[in-house]
Amino acid sequence: MEGLLEEERRGEWPQDTVGYRLYLGGGASQSDPGACRAALEWQLERIVGRLALLCAGYIWHNEAFRLQYTPARGDVPAHIGGITNFGDNVDDEWLIVYLIQQVTKEFPDLVASIEDNDGDFLLIEAADYLPKWLNPDTSANRVFFYRGELHIIPIPQNPGELSWLPASNPTISQALNLLTTHSEKCLAAEPIRKALSRRIQSYPKKIHCDQHQAYCYVPAGIAAVLKHRPDLLAPAVQAFYLRDPIDLRACRPFKLFLPETRVMTLVTFTKCLYAQLQQQWFMPDRRSGYTLPAQSDQHFKAHALGMKLAHGFEILCAKCSQPLPSSKTVSSSSSDPLWEGFIKSLKKNNYFREELEGSARYRELLQMAEVYFQRSVARPKSSSTLSPGEQVLQLLQTLSYSVEELQKEEDSLPPEDDDSWLDISPEELDKMLEEASGRKLLNSARQEEEQDYDLRDITKCMKAFVSKVSSHEGAEIPRSSATSQVQFDVNSFTSALERILGVQSDELDSDDIEEEEDYDLLDSNAESDMKEDKPGEDMSAAETLENIRDYMELMDQELAGTHIGKSFSKITSEVGSDRPDVTEEAGGESETKSEEDLKILPVDVDLNLVENLLESYSSQAGLAGPASNILQSMGIRLPDNQDK
C-alpha cells in the first residue's frame, strides 16, 4: 500500500484493507534472527513462484496481493506478509484468503493469520457456529491457518487444561507453539470450517469466471498500453468512476488520447470493473471531440465503453503534475536479489508451459511474470517509483505501435462475452442469498410451493425466541427452533422475578399460589412478613405488588369499554365448534347472549400469533419485511400468497 507500512496497527488502516502474515511454525529459528530471515526469504521465493500460476495476469481492483519480509518487532515474531486495499471489489479479499490458505497447505512449515478492518472476518463468516466464549475480546491471536485448515486456539475449560493452555489471550509465539504441539485440539469445529470452505470453494476457477471481455472503441495508445499492461486498466477505470469536475477539465479538449485515432479492440475486465464502467451514464463534453452513435447502433456499447476508458486514462495522466523525465524509468526486476530464485521457481512449477525460450508466447508470459513480481514482492517505496499515470506515459514513450496495424486486427477479434449477468432476477437473488447462508435449496420453485408447511412450527419458533435471554449485544435467534422443544425453567423465572421485585423466595412460593385468589394470599404474606422482619425495605416490594395489581385492574377496566377484545380469536367452549364467540345485529348491538356466551373465553395465543404473522407477511407483497426476515432467520420460509 502506498506510504503504509505493514506493521501499522489495524485501526490505522484505510477502509477495505486486509492484512496477512506468514510465520514459521513453532517459533522455529526465532532465536537466531539471521537464520530466521534466511528461512523466510527462501520460503518467499518459493511462494511467489507458486502463486504466479494463479496471479500473473490477474487484474487487482485497487492494490495487488504482495509479500515482504518483516523483522521481529515487540511481541510480533519475524514473518513475511503485507496489506492490500481491495477497494470496492470484495472478491479480491476472498481471493487473498484462498491464496493464504493454499500457501499453508502447500508449505506446512508456515502458519498464517489474516484480518481486515472488521477484525477476524473469517469468524464473521461462521458466526452462526462459534462457541459462546469467542468474541472480539477473546479472539486475539487465536485464529490461524495451519496446514490448509482453520485453527482456533481454545480457552481452558477446566483446571487440567491450564497445563497447556494460557489463562488469557495467548501471545503469537505461544499460539505458534500450541499449533505445532496440539494442532488436533486447536482445529476449528467442522461447521466453522465448512462455513469458511463454502466461501472460497469456487476458487481458483472463480479467478477466470470473474473476467469479462468486451469490445471497446478506444484510442490506439490505450489499445497498445492495455496489450502490454492489462493491469493498468483498473486505475484508469477508478479514475473515471471517481472523477470530479476538476478531473474533467483535463478532458476538454483531449491532449493524449485523441478520438480520431480510435480502433476497435477486445479489453479484459474484471466483472466489478466492467460493471462500474458500464452502469454509469455519462455524456462527453462537446469540446472533447468524442461523439456517440445512436443507441440503436450495434456498436453503441463499444463506443460508450471506449469513450469512458479514454476519459479515465486522460484523467490518470493529467494527475502527473510534471512531464515525465527521460531518466525516470521503471526499475528492473533483474536487479532484485529475489528475481533469480523467482525465475527458477517459475520453471519448477511449469509456469512457461514448455514454451521455447525466446518465443513470442514465452516473452508474453515472462512479461506478465515480471509485472506480477514487481507488484507482489513489495520493496521499500522510493522517489523513483512510478504512479499508474506515469507508467502509462512511460509506456507511450517506449512502445511502438501503428494505428493501421491495430485497425487490421479488428477483423480477427474473438467474440466478446455476454453481459446478461448484470441483470439478476428476484429468483436468482433469492438463490444467491440462500447459497450464501448455507441453506439447502429446493430443486424448483414449484417444489417450494407444494412443500408441506406446518404452521405449528411458527409458534414453536416464536416461543423459543422469546424464551431466550438476550443481552446488550442483541437478541439471539434460535438455531433450530423449528425442531427443538421449548423449555421453561421455572426456578430461573422465579429468581429473576425476585430480583426485580426485591422479595424473598418464600414470598413467591409457586406451590402455594393457585389462580386468582393467590394474589390476595401473596399480598397478605408479603405484608405480614414486611411488618415482622424488614418494614422499611419490604414495604416497597409489597407496594410494587399492589401497584402491579391495581395497574392491571385499571387496564382491564379501560379495555372493557373498547372493542379491542373482539379483534382476538378465542378458544371456543366446544371442541371443533366454529360458532363465533360474539354475534351482533345489523345495528351493531349484541344479541341476547346465553349464559355460556357470557363466559369469558381465553384468547387463543397461538392462533392469533400465526394470523398476525401471516397478515404481516402478506402485506409485504413479496418484498422484504419484518415478518419474512424474522421467520427466515429461524429457518422458516413461507410460500408466496397465491390467494386471489
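Up top is the structure.
A. The arrangement of the overall build of the protein chain in detail. Summing up its helical and strand segments, the protein chain has 24 helices and eight strands in all. A sequence separation of at least 24 residues applies to 76% of the contacts in the protein chain between residues at least 6 apart. Summed over all atoms, the accessible surface of the protein chain reaches about 37700 Å², with 50% contributed by carbon and sulfur.

B. Layout of the pattern of salt bridges. Counted by the stated rule, this structure contains 13 salt bridges. The partner of Lys-194 in a salt bridge is Glu-190, with the nearest N and O atoms 3.2 Å apart. Placement of both Lys-194 and Glu-190 in helix α6 (residues 190-200) is noted, with a separation of four residues, approximately one turn of the helix. Take Lys-194: its relative accessible area is 46%, and that puts it in the partly exposed class. Take Glu-190: its relative accessible area is 45%, and that puts it in the partly exposed class. Residue Asp-285 pairs with Arg-287 through a salt bridge whose shortest N-O separation is 3.1 Å. Here Arg-287 falls in the exposed class, since its relative accessible area comes to 53%. The structure contains a network of salt bridges with shared partners spanning Asp-91, Lys-206 and Asp-210.

C. Summary view of helix α8 (residues 220-228). Most of α8 sits out of view: seven of its nine residues are buried. Taken together, the buried positions of α8 are occupied by Ala-220, Gly-221, Ile-222, Ala-223, Ala-224, Val-225 and Leu-226. As for α8, its buried residues are in contact with β7 (211-219), α9 (233-241), β8 (262-270), α12 (300-318), α15 (388-398) and α16 (403-408).

D. How the structure looks around the packing of α9 against α12. One can describe the packing of α9 onto α12 by two numbers: an axis separation of 7 Å at closest approach and a directional angle of 95°. It follows from the interaxial angle that α9 and α12 lie roughly perpendicular. On α12, the residues touching Leu-233, Pro-235, Ala-236, Val-237, Ala-239 and Phe-240 of α9 are Lys-308, Leu-309, His-311, Gly-312, Phe-313, Ile-315 and Leu-316. In terms of residue class, the contact of α9 with α12 is made up of 10 nonpolar, two polar and one charged.

E. The pairing of β8, seen in detail. When you tally the buried positions in β8, you get eight out of nine residues, the bulk of the element. Taken together, the nine bridges between β7 and β8 define a ladder with antiparallel strand orientation. Each residue of the ladder has a partner; that of Val-218, found in β8, is Val-263.

F. Representation of the environment of Ile-96. Along the polypeptide, Ile-96 turns up in helix α2 (residues 90-106). Residues contacting Ile-96, with those up to four places away along its chain left out, are Val-18, Tyr-20, Trp-60, Phe-65, Thr-84 and Ile-114.

G. Structural detail: helix α14 (residues 360-376). Along its 17 residues, α14 runs 24 Å from first to last C-alpha, staying within 8% of the 24 Å computed at 1.5 Å per residue. Along α14, the residues that are buried comprise Tyr-362, Leu-365, Ala-369, Val-371, Tyr-372, Phe-373 and Ser-376. Where α14 is buried, its residues touch α1 (33-55) and α13 (339-348).

H. Just the sheet that holds strand β2 (residues 68-70), in detail. Strand order in this open sheet of six strands is β2-β3-β1-β4-β5-β6, and the pairing throughout is antiparallel. Only two strands of the sheet have a single neighbouring strand rather than two, namely β2 and β6 (149-152). Taken pair by pair, the neighbouring strands of this sheet meet at an average axis angle of 35°, ignoring direction. Where strand β1 (residues 17-24) and strand β3 (residues 79-85) come together, six bridges link them in antiparallel fashion. When the sheet's bridge partners are listed, Tyr-20 is paired in β3 with Gly-82. Where α1 meets the sheet, it contacts β1, β2, β3 and β4 (110-116), and its direction lies at approximately 120° from that of β1. Strands in contact with α6 are β5 (143-146) and β6; relative to β6, the strand with the most contacts, it is inclined by about 135°.

I. View of the packing of aromatic side chains. For the structure shown, the criterion picks out 13 aromatic pairs. Both rings, one in Phe-240 and one in Phe-282, keep their centres 5.2 Å apart while their planes meet at 90°; by these two values the pair is edge-to-face. One end of the pair, Phe-240, is in helix α9; the other, Phe-282, is in the loop between α11 (271-278) and α12, and 42 residues separate them in sequence. Per residue, the accessibility class of Phe-240 equals that of Phe-282, and both read buried. Between Phe-257 and Phe-313, the ring centres sit 6.0 Å apart and the planes meet at 65°, which makes this aromatic pair edge-to-face.

Definitions and cut-offs
Residues numbered from 1 in each chain as written. Predicted model: local features only at pLDDT ≥ 70, side-chain atom pairs only at ≥ 80, totals over all residues. Heavy atoms only, no water. Helix = DSSP H or I, 4+ residues; strand = E, 2+ residues; numbered from the N terminus. Contact = heavy atoms within 4.5 Å. Areas by Shrake-Rupley, 256 points an atom, 1.4 Å probe, with all protein chains shown as cover. Salt bridge = Lys/Arg side-chain N within 4 Å of Asp/Glu carboxyl O. Buried < 20%, exposed > 50% of the residue type's maximum accessible area, 1.4 Å probe, protein only. Axes fitted to C-alpha atoms, helices over the stretch in contact; angles between N-to-C directions. Parallel < 35°, antiparallel > 145°, perpendicular 65-115°, else oblique. Nonpolar A, V, L, I, M, F, W, Y, C, P; charged D, E, K, R; others polar. Pairing = 2+ DSSP bridges. Expected span 1.5 Å × (residues − 1). Phe/Tyr/Trp six-rings, centres within 6.5 Å; stacked < 30°, edge-to-face > 60°.

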